[in-house]
Amino acid sequence: MLKKLLKKFLFDNTCSLCYCEMTEENYICKRCREKLKKMGELKKIENLYYLYYYSDINKIIYDLKFFNRKNISRDLKEIIEVNLNKIIKKENIDGVIIIPSSNKRKRERGYNQVEELLKGINCNIIISFRYKNTKQMYRIVEIEKRKENVKGIFKINDNIEGKNILIFDDIVTTGSTMNEMKKILEEMGTNKIIYFSLSVVKGYLKKIGMSDDGDIYK
């Protein structure tokens, strides 16, 4: 009895997407997992690949980042892995860079949510570092302030000259973080830079002059 009560206390058995109560030990119910598979078609605009619009999965990402539900990544792994492998093959990718969390944020959460999304997926991860604790990006509205917030914060020790690199992140909001990493890679002589994000804010697509219905990549 005590074991069951402790399990219930430690495991909030509601779905992060529809809030239904579940009997299984997941954070996304079976119905919503099927829905995510159908919604998660790989889309491409310019050199950015993405799976979802942020407005469709914001509750999931919020729980992953702020409610200690890191096992949400387990429910998304299959969708991410299949599509990541497509991109790596299509773009002849040599290595994948995960956008790193600050040490402060990682201590608070106990993990980097972007790392969790790729955990257990077989790909060549190139380690990057964030050596400056920045303000949380969702708290900054102005684009110029977002750019300033991430200026000069990344470092990569590997030799990536002449290589094709994929940058992976959970959300593209204004592109500030993505572009800052791009600057570092260009300075290091990278041959090609491709982006893959779990989700994209529709406002970003409008900002770059694109519609919010990227070409479906098969």
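Throughout what follows, the structure given in this document is the object of discussion. Here, residues in each chain are numbered from 1, in the same order as that chain's written sequence. pLDDT decides what is reported in this predicted model: residues at 70 or higher carry local features, side-chain atom pairs at 80 or more are listed and counted, and totals for whole chains, interfaces and linings draw on all residues regardless. The basis for the side-chain values is all heavy atoms of the structure; hydrogens and waters are excluded.

Digging into the overall build of the protein chain
Quick note on the threshold: Only DSSP runs of H or I with at least four residues qualify as helices, and only runs of E with at least two residues qualify as strands; both kinds are numbered from the N terminus onward. Buried, partly exposed and exposed residues are distinguished by accessible area as a fraction of the type maximum, computed with a 1.4 Å probe on protein chains only: under 20%, between the cut-offs, and over 50%, respectively. Note on definitions: a residue-residue contact is assigned when non-hydrogen atoms from the two residues lie within 4.5 Å. Reported accessibility uses the Shrake-Rupley method at a 1.4 Å probe radius. Residues are deemed covered only where the shown protein chains occlude them.
Within the protein chain, the secondary structure is distributed over nine helices and nine strands. Here the protein chain holds 218 residues, and 48% of them are scored as buried. Here the contacts in the protein chain between residues at least 6 apart in sequence split such that 74% fall between residues at least 24 apart. When the accessible surface of the protein chain is totalled, it reaches about 12200 Å², and 49% of it is carbon and sulfur.

So, the pairing of strand β8 (residues 192–200)
Applicable threshold: For two strands to count as paired, DSSP must find a minimum of two bridges between them. Whether a crossover is right-handed comes down to one check: with the strands pointing away from the viewer, does the path from the first strand over the helix to the second run clockwise; if it does, it is right-handed.
Across the nine residues of β8, eight count as buried, placing the element largely inside the fold. Of the strand pairs in this sheet, strand β2 (residues 48–53) and β8 are connected by five bridges, and their pairing is parallel. Opposite L48, over in β8, you have Y195 as the bridge partner. The sheet contact formed by strand β7 (residues 164–172) and β8 spans eight bridges and is parallel. When the bridges of β8 are listed, D169 appears paired with S197. Where the polypeptide runs from β7 across helix α8 (residues 176–187) and back to β8, its parallel neighbour, the crossover connection is right-handed.

Description of the nonpolar core
Our working rule: To define a nonpolar core, start from buried Ala, Val, Leu, Ile, Met, Phe, Trp, Tyr and Cys residues and group those joined through side-chain atoms within 4.5 Å.
Core analysis: the largest hydrophobic core is formed by 37 residues, its most contacted members being L36, I80, L166, F168, F196 and L198. For this core, the secondary structure elements donating two or more residues are α2 (30–39), β2, α3 (54–66), α4 (72–91), β3 (95–98), α6 (113–118), β7 and β8. Of all the elements, α4 adds the most residues to this core, at six residues. Look past the residues within four positions of L166 in its chain and what remains in contact with it is L84, I87, I93, G95, V96, I97, I194 and F196.

Focus: the packing of aromatic side chains
For clarity, the threshold we go by: Pairs were defined over the aromatic rings of Phe, Tyr and Trp, the Trp ring being its six-membered one, requiring ring centres within 6.5 Å. Orientation was assigned from the angle between planes: stacked under 30 degrees, edge-to-face over 60, tilted for the rest. Throughout this description, the term charge over a ring refers to an Arg CZ or Lys NZ atom that lies within 6 Å of the ring centre and within 35 degrees of the ring normal.
Inspection of the entire model under this criterion finds four aromatic pairs. Residues Y62 and F66 carry aromatic rings whose centres are separated by 4.8 Å and whose planes lie at 50° to one another, so their mutual orientation is tilted. One end of the pair is Y62 and the other is F66, both in helix α3 and four residues apart, which spans about a single turn. With 5.8 Å between their ring centres and 45° between their planes, Y62 and F67 make a pair best called tilted. Taking relative accessible area as the criterion, F67 reaches 53% and is therefore assigned exposed. One aromatic cluster in this structure is built from Y62, F66 and F67. Against the face of Y53 rests K202, its NZ or CZ located 4.9 Å from the ring centre.

Some points on the side chain of D170
Which entries qualify depends on this criterion: Polar contacts, as used here, are pairs of N or O atoms within 3.5 Å; protein pairs need one atom able to donate a hydrogen and one able to accept it. Residues neighboring in sequence count only if both atoms are side-chain atoms.
Secondary-structure assignment places D170 in strand β7. A relative accessible area of 4% places D170 in the buried class. Among the polar contacts made by the side chain of D170, one reaches the side chain of Q113 at a distance of 3.1 Å. The residues touching D170, leaving out its near neighbours within four places in the chain, are I61, K65, Q113, V114, L117, S197, L198 and S199.

What about the pairing of β3?
Covered by surrounding structure in β3 are G95 and I97 together with V96 and I98, the residues of both alternating faces. For β3 and β7, the ladder comprises four bridges, and the chain directions are parallel. Residue pairing for β7: G95 is matched across the bridge by I165. Where β3 meets strand β4 (residues 125–126), two bridges bridge the pair, whose relative direction is parallel. Across the sheet, V96 pairs through a bridge with I125, a residue of β4.

Remarks on the pattern of salt bridges
Applicable threshold: Think of a salt bridge as a Lys or Arg side-chain nitrogen and an Asp or Glu carboxyl oxygen that are within 4 Å of each other.
Throughout the structure, instances matching the rule amount to nine salt bridges. Here E180 makes a salt bridge to K183, at a shortest N to O gap of 3.8 Å. Of the two residues, E180 and K183 are both situated in helix α8; the distance of three residues between them amounts to about one turn of the helix. Here E180 falls in the buried class, since its relative accessible area comes to 7%.

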